[in-house]
Structure formats: structure tokens, C-alpha cells
Amino acid sequence: MMMNTTRLLVLLLSVSCIGYSQKKGAKNTAKIKPKAEFVADLISQMTLDEKIGQLNLPTSGDITTGASSSTNVGKNIEEGKVGGLFNIKSAKKIREVQKIAVEKSRLKIPLLFGMDVIHGYESTFPIPLGLSSTWDMELIKRSAQIAAQEASADGINWTFSPMVDVSRDARWGRVSEGSGEDPYLGSLIAEAMVKGYQGDDLTKNNTILACVKHFALYGAPEAGRDYNTVDMSKIRMYNEYFAPYKAAIDAGVGSVMASFNEVDGVPATGNKWLMTDVLRKQWGFKGFVVTDFTGIPEMIDHGMGDLQTVSALALNAGVEMDMVGEGFLKTLKKSVDEKKVTIAQIDNAVRLMLEAKYDLGLFHDPYKYCDEKRAKNEIFTTANRNEARTTAAQSLVLLKNQGQLLPLKKSSTIALIGPLADAKENMSGTWSVATRFEKSISLLSGMQTVAGKNANILYAKGSNLEYDAALEEKATMFGKTLHRDHRTDKELLDEALKIANQSDVIVAALGESAEYSGESSSRTNLEIPQVQKDLLAALLKTGKPVVLVLFNGRPLVLVDENEKVPAILNAWFAGSEAGLAIADVLFGDVNPSGKLTATFPRSIGQVPIYYNAKNTGRPLMNKEGKFEKFRSNYIDERNEPLFAFGYGLSYTTFNYSNLAISSTKMKANETVKVSVDVTNTGNYDGKEVVQLYIRDMVGSVTRPVRELKDFKKISLKKGEKQTVTFEISIEKLKFYNSDLDFVAEPGLFEVFVGTDSNAENKVSFELVD
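What you see is a predicted model; the values in this text were computed from it and never measured.

(A) A look at the overall build of the protein chain. Per the secondary structure count, the protein chain includes 24 helices and 28 strands. In summary, the protein chain has a C-alpha radius of gyration of 27 Å against a globular reference of 27 Å for 769 residues, a match within 12%. By its C-alpha atoms, the protein chain is 75 × 70 × 45 Å across when sized along the principal axes. A total of 769 residues make up the protein chain; the buried ones form 61% of that total. Sequence separation of 24 or more characterises 79% of the internal contacts of the protein chain that already satisfy a separation of 6 or more. Of the roughly 28700 Å² that the protein chain leaves accessible, carbon and sulfur atoms contribute 48%. The centroid of the 92 positive side-chain charges in the protein chain is displaced by 3 Å from the centroid of its 95 negative side-chain charges.

(B) Region of interest: the pattern of salt bridges. All told, the structure shown has 50 salt bridges when counted by the stated rule. The partner of Arg 142 in a salt bridge is Glu 387, with the nearest N and O atoms 3.0 Å apart. With Arg 142 in helix H8 (residues 137–153) and Glu 387 in helix H18 (residues 382–395), the pair connects residues that are 245 residues apart, well separated along the chain. Given the relative accessible area of 26%, Glu 387 is considered partly exposed.

(C) Summary view of the nonpolar core. The biggest cluster of nonpolar side chains holds 128 residues, and the ones touching the most others in it are Trp 158, Phe 215, Phe 242 and Phe 288. Residues from two domains meet in this core; each of domain 1 (397–593) and domain 2 (652–767) gives at least three. Formed by 84 residues, the second largest nonpolar core is a distinct cluster that contains Ala 392, Ala 423, Ile 457 and Ile 528.

(D) Region of interest: the environment of Asp 41. Considering the arrangement of structural elements, one finds Asp 41 in helix H3 (residues 35–44). A C-alpha to C-alpha distance of 31 Å links Asp 41 and Ala 248, two positions 207 residues apart in sequence.

(E) Structural context of the packing of aromatic side chains. According to the stated counting rule, one finds 28 aromatic pairs in the structure shown. Ring centres of Tyr 184 and Phe 711 lie 6.4 Å apart, and the angle between their planes is 85 degrees; on these two criteria the pair is classed as edge-to-face. Of this pair, Tyr 184 sits in helix H9 (residues 183–198) while Phe 711 sits in strand S23 (residues 707–716), and the two are 527 residues apart along the sequence. The class for Tyr 184 is partly exposed, based on a relative accessible area of 22%. Given the relative accessible area of 11%, Phe 711 is considered buried. Look at Tyr 238 and Tyr 736: their rings are 5.1 Å apart centre to centre, the planes differ by 55 degrees, and that puts the pair in the tilted class. Separated by 498 residues along the polypeptide, Tyr 238 in helix H10 (residues 234–241) and Tyr 736 in strand S25 (residues 735–736) bring together distant segments of the chain. Pair check on accessibility: Tyr 238 and Tyr 736 agree, each one buried. What links up through ring pairs into an aromatic cluster is the set Phe 215, Tyr 238, Phe 242, Tyr 245, Trp 273, Trp 283, Tyr 736 and Phe 742. The ring of Phe 630 has Lys 629 sitting right over it, with the charged end atom 5.7 Å from the ring centre.

(F) The arrangement of the domain arrangement of the protein chain in detail. For the protein chain, the assigned domains read domain 1 (397–593) and domain 2 (652–767). Just the C-alpha atoms count here: the centres of domain 1 and domain 2 sit 37 Å apart.

(G) Quick peek at unusual backbone geometry. The step from Leu 406 to Pro 407 runs through a cis peptide bond, and the omega angle for that step is 5 degrees. Secondary-structure assignment places Pro 407 in the loop between strand S13 (397–401) and strand S14 (413–417). In this structure, the amide linkage connecting Val 607 to the following residue, Pro 608, adopts the cis form with an omega of 0 degrees. Positionally, Pro 608 belongs in the loop between helix H24 (578–586) and strand S19 (654–661). Positive phi values are uncommon outside glycine, yet Asn 87 reaches one of about 70 degrees. Relative to the elements of secondary structure, Asn 87 occurs in the loop between strand S4 (84–86) and helix H6 (91–104). Notably, Gln 404 is not glycine yet its phi reads approximately 50 degrees, a positive angle. By the secondary structure assignment, Gln 404 is in the loop between S13 and S14. Residue classification places Gln 404 among the partly exposed residues on the basis of a relative accessible area of 46%.

(H) Expanded view of the pairing of strand S28 (residues 761–767). As judged from the two bridges shared by strand S20 (residues 665–666) and S28, these two strands associate in the parallel manner. Its bridge partner being in S28, Lys 665 is matched across the sheet by Glu 766. Alignment of strand S27 (residues 747–754) against S28, held across seven bridges, turns out to be antiparallel. Among the inter-strand pairings, Val 751 is bridged to a residue of S28, identified as Val 763. Remark: six residues form the turn of the hairpin made by S27 and S28, two consecutive strands paired antiparallel.

(I) Region of the structure containing the sheet that holds S19. Read across the sheet, three strands follow the order S19-S21-S24 without closing on themselves; strand pairing throughout is antiparallel. Strands with a single pairing partner mark the edges of an open sheet, and in this sheet they are S19 and strand S24 (721–728). Across this sheet, the average inter-strand angle for adjacent strands is 20 degrees, counted without regard to direction. Note that strand S21 (residues 672–680) and S24 share eight bridges and pair antiparallel. Along S24, the bridge assignment pairs Asp 677 with Thr 723.

(J) Geometry of the environment of Ile 156. Here Ile 156 shows up in the loop between H8 and strand S6 (158–159). Given a relative accessible area of 0%, Ile 156 falls into the buried group. When the C-alpha atoms of Ile 156 and Glu 338 are compared, they prove to be 38 Å apart, with 182 residues separating the residues in sequence. In this view, Ile 156 contacts Ile 88, Ile 94, Phe 113, Gly 114, Met 115, Tyr 121, Ala 151, Ile 208 and Tyr 369; residues no more than four positions away in its chain are not counted.

(K) Main features of the packing of H3 against helix H16 (residues 343–359). Contact geometry for H3 and H16: axes closest at 10 Å, N-to-C directions at 130 degrees. As far as their axial angle goes, H16 and H3 are oblique. Note that H3 runs across H16; the crossing there is right-handed. From H3, Lys 35, Phe 38, Val 39, Leu 42 and Ile 43 reach across to H16, where they touch Asp 347, Val 350, Arg 351, Leu 354, Glu 355, Tyr 358 and Asp 359. Looking at the contact of H3 with H16 residue by residue, the classes come out as seven nonpolar, no polar and five charged.

Thresholds applied
Residues numbered from 1 in each chain as written. Predicted model: local features only at pLDDT ≥ 70, side-chain atom pairs only at ≥ 80, totals over all residues. Heavy atoms only, no water. Helix = DSSP H or I, 4+ residues; strand = E, 2+ residues; numbered from the N terminus. Rg over C-alpha atoms; globule rule 2.2 N^0.38 Å. Buried < 20%, exposed > 50% of the residue type's maximum accessible area, 1.4 Å probe, protein only. Contact = heavy atoms within 4.5 Å. Areas by Shrake-Rupley, 256 points an atom, 1.4 Å probe, with all protein chains shown as cover. Lys, Arg positive; Asp, Glu negative; His and termini not counted. Charge placed at Lys NZ, Arg CZ, Asp CG, Glu CD. Salt bridge = Lys/Arg side-chain N within 4 Å of Asp/Glu carboxyl O. Core = buried A, V, L, I, M, F, W, Y, C linked by side-chain atoms within 4.5 Å. Domains from an automatic or database assignment. Phe/Tyr/Trp six-rings, centres within 6.5 Å; stacked < 30°, edge-to-face > 60°. Lys NZ or Arg CZ within 6 Å of the ring centre and 35° of its normal. Pairing = 2+ DSSP bridges. Axes fitted to C-alpha atoms, helices over the stretch in contact; angles between N-to-C directions. Parallel < 35°, antiparallel > 145°, perpendicular 65-115°, else oblique. Left-handed = near helix turned anticlockwise from the far one by under 90°. Nonpolar A, V, L, I, M, F, W, Y, C, P; charged D, E, K, R; others polar.

In C-alpha cells form, the structure reads like this:
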């Protein structure tokens, strides 16, 4: 996103009669008719231009994500030609713009106000990939509730979140915005986020409309290049990619955003099979569909026709709202005259838009989200920031801790070195459009605060993000500068080595910048930038113990680092309170419990890589990763990843024992129970994510080597043992067969329980007729 001036806002206000007061008519005290009757009556009064206007979603101009921008917005609002506005921030601004709609337009229909509230508002939580690493649905739901509370207090009533795209390709920058590679875990997170945003009553002023995106398959572009072609079989769509979208629909999400990519050769924005057959007929979705930014005119470059043709294609497919493209606004009237679309189709789209506004209570009170007192009292509060800090600490993943180097002693002399060490603007990560960068907590600040007066923390930048200044500029857009240091590389390194030699331990803050991942941030190299690798090598040569604090928005290739660095803490981008949360873990105030939700490859040549793959007819037979001719393996690399899905260490240790199953046979109307004893055998209280995977040994279609089907996050005190029990029902055994029927087939199933997707504790049972 690009922060711009608010020139368009000035235009909007200039056409508004600002004399309207809240006392005069902010709230409609008359009894409003039931929704269906109210909406039908309103539609009957609308001209065709006004109907089409409700399907138009321009941007305010405050922020833009593409080359296009909206025009004549103020005049169009007056004329009833705007249904909503996005990327305008603050209750005061939004109130003034809403006045245009409810005073100056003929029918006084209020506007929706949307924003990309992706992982928090001003109190920013970890990037979604980091949030997913908590494996804690209550924490994730709570993060969405706080985001909704803050956004709604600032005038926003609609968020373009959650993003639930399954992705197995770390080259794709937007892996940072999703929940990783697994459809089961992704489905639970989708449900939690929707319920967090929308609550149980959309008429409350602290809930907002959610929008699940990007429908569909956006996370699987060829070559990992954003916006690129996606091509896969329907059986793969249903078994591996569709589940999180459906979970959001089942949770009652109010809107869906179309994806940029094509599906079966037709762009999703104009794909009737996707938007009507699957979304509405199969899944029963009752809300409205909005395009992504300029999604309709982009179909022209896809080769689908001119603006009128692609606009009609989108409406006929089942898309109700046009974001920024203005294809509906400029061409639908002509398409009605030429019988390319019907009035009935437009009326249905308008109905869905008006129903959403009705559900939000905007016809009763169009200013319900414009209380400036709420904005002052409920945004970026100490309580919200504390919850962001707590959640962030739970998202960190300890990848290595040789010799129990961590936690650090607060009484030691610590050399904090690296371009990400004092980089508060980057702590919130990508898609943090409302974050107050100046208030974010850097790692340096966080460590100084948490350690207090006892620690001696020395700081040096050590290097820039990249040797190449132009590349660094690409990776530090949208106000997330790293304040490039113009001293020579040698001068920066010499300063770092000087303080390193004065320390007891070195903390190296390295990795990606916030905008090195995210939209349009695809990479062909998944390693830490070379200048930082050179810095790390020099720090290791000092002989001092080194802790690598890794900042990243995607899985990275860390083979060298894993071989040479004693301790690695994966910090993601942990939000506005990142520095405090990371320091809490580094100093042992919080025992890390995060688990990876995306596989870390050994080499970019392995990508895409994911745990729930299928066997070939020639699988690699040895467990040592040794090359075998005429087997499915690489000639120059092992098959297995560096860090597996579900992996994550703790400062304590956990022992699994006594795995048991209640029965070795199961009928369709029965369940079996699997239990395991988990004991904290280390020296710290800690949390463990106990994971259950199932393998369907024989099927009518090939099945994955294992699939996550359940998990429980438990807390154990030092020396404590707990029996964890899972219940397996027929639903956990179902999959889509070649006819796309959702079935469970009789046969043998293996069940694995353990600390990650490589769990070896195994029992089996048979599903019988």
C-alpha cells in the first residue's frame, strides 16, 4: 500500500454541506421494516443509475495498491453512484463523507467503509503467518476482536480479511498474509477470524463485516510469481485448497473477495462456476462478492474482452461489487440495453449490498461507527497493546537452541547487531496500513526495557539490508525505511566487531524487511541477503556465542545458519509490540511455544514443498536422504525439508509415551479414541502443541502420506504429565473422490501423534462397513 495525501478527501468535503448535525438526524428513530421488505421497497425507488452505483467501490485516494485510482468520487456519492468507499481513515473524516451520502444523495443510502485491517489496526498483531504459528484459536479470534474494536471506533465497518489462501510456495510473497500450507489448520483459523471480526451481532458498533479472500486458489501461482496463472485439477481444489474458504462461509462471513488468478482458464472475477456453482449453490453463501483492486478491467489483459464485455462477464458470474475498476459504473447500463445483462441480475446484486448495510445497522444509524470519543478511548490502548505483546510472544518459533544458549541472562553484556535490530518501522510487517510506525517497539528498545538496568546492551547496525541500494529500496516501501547507512560496508562491519568483542553473547537481528514479503514481493532467492550472511559469518568468527533472531514473512532457506549458529529464534514480524515480545522470549520471561505452519526448505529447488504430499510409485526408501537411482529424489539435494511443518522447540522438553487406541475397528456411526501421555521432562514450565495426523492407506484415489486432523495445545509445569485424548469420527476420514463426492472409504488408517508432522508414534485401525 502507498500512503498518499488526502487530496481526494478535500474534494469530498468541498461538495458536502457540512452543516448537518448529529442532533438533526444522525439516527433514524422510526421503526425500520423487516430486512426483506425494507430492501425491496428501497430497490423499487431506485433508478438504474442508482442501482449500478451501489455496486461501485472506489478508493478514497488516501491509499492505493495499484496503478488505477478513482475519479469524481465526491460528485458520484452525491448522485448515488457509490456503494462504499475504502482506504479512508478516522471517525471524523468518515463522518463527513457519510454526510454526503445521507444528506446530498436522493435516497440517502449510507456507504460502507472498508480497509485492509489484516492483523490488527493500530495495535498490530503478528503477520497472519506468525499468528497461525500460535496454534491457538482463542488468541487468533481475540486478535480479530481487538482489530474490529479499534477499526470500528475509527469509522471502519468492513475489513478485507481474513486471507485464507493455502500456499506451499515460499517464493510467493503473500504467504506472509495466510495461515500456511495446511487446509485443516487454515479452516480453523478462518472460522476464528470471521467470528472475531463479526461477533454474534453485526448491529453492535464494535463488530465489522469480514471478507474472506482471495477466492480462489490465489496461493498457488506458477513460479511463485504474484498474480500469475493457477492451474490445478478440481479434485485438488476440493481436497487441498477449498476448505478454508468454505470454513469462512460456514462461519457466516458477510462478503467474499474474488482472486486475481484464473481458475480452469477463466479469471476468478468472471468465473461463474466458481462464484455461482461452488460459492452459492454448493456452499450456500448468502452475502456479496467484491472484486479485488481493478479485478474487472484486469480481465482485459487476461484476454477476455473489452471493458463492457468483462464487466458483464463478472456480473453474470456472480460478482456484486466492482473495486476501483468502474467497469460496472461505465458499462452496465449499456449492457442492459444490449441485453448482455438483465435488470433482475442488477437488482439481485443491489439487494445483497443493501442487505449487508441493513445487517450492519447503517440504515438505523449511518454514523454508528463515527463516535470520536470511542476513537480516543479504544484505539491503541495499553490493554490492547498488552494483548498484542502476549500474542506475539506465543507466535515466535524456536528453531535451534544448542547447549541451551537461550534464554539469555539479564545480567550479561549483549551485543545486539544487525539491520533489523533498531528498525521499529518494520516490526509490524506487511499489510499494516493503520500501524503507528513511530510508536512501534524495536528489538533494541524491547530488550532494553525487558532487561532493565542489569543488562549491558551494546548496539551496532553491522550492515545494511542489502549490498544493492536499489533492491533495498524495493523492500522498504510504504514508510518502512531501514534508514540506509551510507558508511562503507567495512566501516559498518568494523563497528559491529568492536562491540561484539566486548560482549558475552551476540544477538544478530537479521533477515527480511517487512516489505520483502507481502503483495508483489515474490522472490527467486529464499536465503538471507548476502551482506547479512557475510556479517553473520564475521560475528561467528569472533568465537562469541551467537543467537540469530530471524525476521521473515515466509519460510527461508537456512541450511548454513542452522549448521553454524547455536541458537535461532524465528520472530516473523510480530507487530507493534514486537520488540517487547521478542525480548520476553529471549530473556525467558516467556517460554517459546510457536510451531511452524509452513515447511522450511533446504533449497529453493525443493519449492513447492509441504508435508501432506503424496507418494510416487517410486518413493525414496531410505530415511537418511541418500540418493537412489530410479527413485523420486534429487541428484544434488535431500528430499526432506530443513524444518518440518509443525516443528518448534521449547526451553523445556516433552516426552510422549503410552500411545493407545480404544479400538482397532470402527464403524461409520462410531468413533475411536486415541490417547497419549505427554510429560514435561525439562527445567521450565511450558506449552506443547500435541498433533495428530492420519494416513488413509488405500483409497479409490491417491491419498497424502499423512494429514493433520487434530491438535491440542497444552500447558505443563515442570515435571507434570498429562494424558491427551483425541476422538476420531467419520468426518475426519472423509475426502473428495474422483466424482467430487465427500466420502470415507472402508480400509486401514494409520494414526501418528507427536510434536510435529514427522511424528513416529503410531497406532492403526480399520474402518469397516
